[in-house]
Amino acid sequence: MPSLFVKKIHPVEVMKEGEISLSKARIIPVKGMLGIEINAIFSRWLRNLLTIFAIGLPSGLLIVFITVSLRLNGVLFTTWLGQYVSMEVKAPHYFSVAMCFLISILTTSEVMWQNIKERNVEISLYKALGWKDRTIQKMVYMEGALLGVPGGILGIVFSIVILHSMYQTIAWDETWIFVLCLIVPVIAGVISAAIPAGKMVKINPSVGLRG
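Conventions we followed
Residues numbered from 1 in each chain as written. Predicted model: local features only at pLDDT ≥ 70, side-chain atom pairs only at ≥ 80, totals over all residues. Heavy atoms only, no water. Helix = DSSP H or I, 4+ residues; strand = E, 2+ residues; numbered from the N terminus. Contact = heavy atoms within 4.5 Å. Areas by Shrake-Rupley, 256 points an atom, 1.4 Å probe, with all protein chains shown as cover. Core = buried A, V, L, I, M, F, W, Y, C linked by side-chain atoms within 4.5 Å. Buried < 20%, exposed > 50% of the residue type's maximum accessible area, 1.4 Å probe, protein only. Axes fitted to C-alpha atoms, helices over the stretch in contact; angles between N-to-C directions. Parallel < 35°, antiparallel > 145°, perpendicular 65-115°, else oblique. Left-handed = near helix turned anticlockwise from the far one by under 90°. Nonpolar A, V, L, I, M, F, W, Y, C, P; charged D, E, K, R; others polar. Polar contact = N/O pair within 3.5 Å; in protein donor to acceptor, adjacent residues only side chain to side chain.

*Asks:* What is the right way to read the overall build of the protein from this model?
*Replies:* When you go through the protein residue by residue, the secondary structure sums to 10 helices and 2 strands. The contacts in the protein between residues at least 6 apart in sequence include a share of 75% that link residues at least 24 apart. Accessible area for the protein stands at about 11,900 Å²; split by element, carbon and sulfur atoms hold 67% of it.

*Asks:* How do you make sense of the nonpolar core when you look at a structure like this?
*Replies:* One broad rule of soluble globular proteins: the nonpolar side chains tend to lie buried together. One finds L62 and I63 to be the most contacted residues of the largest nonpolar core, which totals 19 residues. Secondary-structure elements contributing two or more residues to this core are α4 (45-71), α5 (91-118), α7 (133-167) and α8 (175-192). No other element matches α4, which puts 6 residues into this core.

*Asks:* I tried to follow the packing of helix α3 (residues 33-43) against α7 on my own but got confused; where do I start?
*Replies:* In a pair of packed helices, the angle between the axes and the distance between the axes together describe the arrangement. It is the contact of α3 with α7, at a shortest axis distance of 10 Å, that shows an interaxial angle of 55°. By the angle class used here, α3 and α7 are oblique. The handedness of the crossing between α3 and α7 comes out as right-handed. Here M33, L34, I36, E37, I38 and I41 of α3 come into contact with α7, specifically with T135, K138, M139, M142, E143, L146 and L147. In terms of residue class, the contact of α3 with α7 is made up of 9 nonpolar, 1 polar and 3 charged.

*Asks:* How should I be thinking about the environment of S59 in this particular structure?
*Replies:* Mapping S59 onto the fold places it in helix α4. Owing to a relative accessible area of 1%, S59 belongs among the buried residues under this scheme. Along the backbone, S59 and G155 are 96 residues apart, and their C-alpha atoms lie at a distance of 4.8 Å. Excluding residues within four positions of it along the chain, S59 makes contact with F101, G151, G155, C181 and P185. Engagement of the side chain of S59 in a polar contact is seen with the backbone oxygen of I55, the distance being 2.8 Å.

*Asks:* What's the story with helix α6 (residues 120-128) in this structure? I'm lost.
*Replies:* Every α-helix carries 3.6 residues per turn, so stepping three or four residues along brings you back to the same face. Within the span of α6, buried status applies to E122, I123, S124, L125, Y126 and K127. Immediately beyond the C-terminal end of α6, within one or two residues, lies G130, with a positive phi of roughly 110°.

Structure, rendered in structure tokens:
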């Protein structure tokens, strides 16, 4: 009889009982995979803050460069120590932003892998209760996307501060720029989750549940 009832245990119910995650780490009630991942991110907020900054800064630079290209004829200008300084935004500058995104992807991937290793028992429980590898991977990709959203918001705030302080102008009518620079960090977060997701499905539940 107990073996029959065990099959009906849902991982979410286990999480609600607090048998895996600490109650102080639960920011919102756990009612699904989204709640699990939000709580997991907040439980390691300091480490995840690094990834948000790593994704947000190149996102802000991308908005600045696109705005300069469209509104200022591609010329970035300002004054420095009383001297007029100008620079034409060209392909190499966008390439440097792409390299920054690559670094942020690698940084986020490493941080996510550290997070996953600390959740070894939790993930092993999910697998022991019947979660498929595809579901486990979906959970990791969701975490990457959730890290990308605040990164994109941070990038937008960063670009607004830079553009307003330098030119007192912001391309509010070019909403597609902000939408694009919110989507790109999410994509970067999802890409960052690829390696951790591949490693996570290899976790052996019987070994992981031993701690």
